[in-house]
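Letter by letter, the chains look like this.
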Amino acid sequence: MGINYSTVGEMKEGSYIVIDGEPCRVVEVTKAKTGKHGSAKANIVAVSIFTGAKKTLMAPVDSSVEVPIIEKHVGQVISNVGNKVQIMDLDTYETFDIDMPTEEEVASKIRKDAEVEYWEVMGRKKIVRVK
């Protein structure tokens, strides 16, 4: 399914983590040392790659977390109809439909024959930028 493992203590801003089964980008990490016998805890705030929803995780710094494996690919826009974009991968020549990006600066540049970078994460695909 495309997952590695790391510890909460190794997470930093800009890294990626899986929270509630959703691949997310970490936007904030705060660490707190608890009492004399407690272990340090970290509070991680992350934003979903696909939905933009904010997720939080509070856990001891030595606990294990899932890290999504992100495969980066380049494709060409064949057509875009409504909220779907048809892409042809420039390495494999495979064609598939993908959701129109929700980010306006990316969505506004999508047009026929444009080259795009798309990510495949945990079996889902997302256009991240137009070249």
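Residues numbered from 1 in each chain as written. Predicted model: local features only at pLDDT ≥ 70, side-chain atom pairs only at ≥ 80, totals over all residues. Heavy atoms only, no water.

**Quick notes on the sheet that holds strand β5 (residues 54-60)**
Then, in step 1: The four strands are arranged β2-β3-β4-β5 in an open sheet whose pairing can be described as antiparallel. Of all strands in the sheet, those with a lone pairing partner are β2 (16-19) and β5, marking the two edges. The sheet shows a mean angle of 45 degrees between the axes of neighbouring strands, direction not considered. (Pairing = 2+ DSSP bridges. Helix = DSSP H or I, 4+ residues; strand = E, 2+ residues; numbered from the N terminus. Axes fitted to C-alpha atoms, helices over the stretch in contact; angles between N-to-C directions.)

**Some words on the packing of aromatic side chains**
Then, in step 1: The full count for this structure, using the stated rule, is two aromatic pairs.
Then, in step 2: Each ring, one from Tyr-16 and one from Trp-119, has its centre 5.9 Å from the other, and the planes form 80 degrees; the classification is edge-to-face. Of the two residues, Tyr-16 sits in strand β2 while Trp-119 sits in strand β10 (residues 115-121), which places them 103 residues apart along the sequence.
Then, in step 3: A relative accessible area of 13% means that Trp-119 is categorised as buried.
Then, in step 4: Ring centres 5.1 Å apart and planes at 65 degrees place the aromatic pair Phe-96 and Tyr-118 in the edge-to-face group. Taken together, the residues Phe-96 in strand β9 (residues 95-99) and Tyr-118 in strand β10 connect sequence positions 22 residues apart. Residue Phe-96 shares its accessibility class with Tyr-118, and that shared class is buried.
Then, in step 5: The ring of Phe-96 carries Lys-125 above its face, with NZ or CZ at 4.3 Å from the centroid. (Phe/Tyr/Trp six-rings, centres within 6.5 Å; stacked < 30°, edge-to-face > 60°. Buried < 20%, exposed > 50% of the residue type's maximum accessible area, 1.4 Å probe, protein only. Lys NZ or Arg CZ within 6 Å of the ring centre and 35° of its normal.)

**Some remarks on the domain arrangement of the chain**
Then, in step 1: By the assigned domains, the chain splits into domain 1 (3-68) and domain 2 (70-130).
Then, in step 2: Measuring from the centre of the C-alpha atoms in domain 1 to the corresponding centre in domain 2 gives 28 Å.
Then, in step 3: In this assembly, nine residues from domain 1 lie in contact with seven residues from domain 2.
Then, in step 4: Interface of domain 1 and domain 2: buried area, both sides summed, is about 810 Å²; carbon and sulfur atoms make up 71% of it.
Then, in step 5: Three residues, Ile-49, Phe-50 and Pro-68, lead the burial of domain 1 against domain 2; their summed loss comes to 63% of the area buried on that side.
Then, in step 6: Here domain 1 is connected to domain 2 by one salt bridge.
Then, in step 7: Between Arg-124 and Glu-22 there is a salt bridge, with the nearest N and O atoms lying 3.4 Å from each other.
Then, in step 8: Where domain 1 packs against domain 2, one counts two residue pairs in polar contact (both at pLDDT 80 or more).
Then, in step 9: Secondary-structure elements contributing two or more residues to the side of domain 1 that touches domain 2 are β2 and β3 (22-32). (Domains from an automatic or database assignment. Contact = heavy atoms within 4.5 Å. Buried area = accessible area lost by both parts, 1.4 Å probe. Salt bridge = Lys/Arg side-chain N within 4 Å of Asp/Glu carboxyl O. Polar contact = N/O pair within 3.5 Å; in protein donor to acceptor, adjacent residues only side chain to side chain.)

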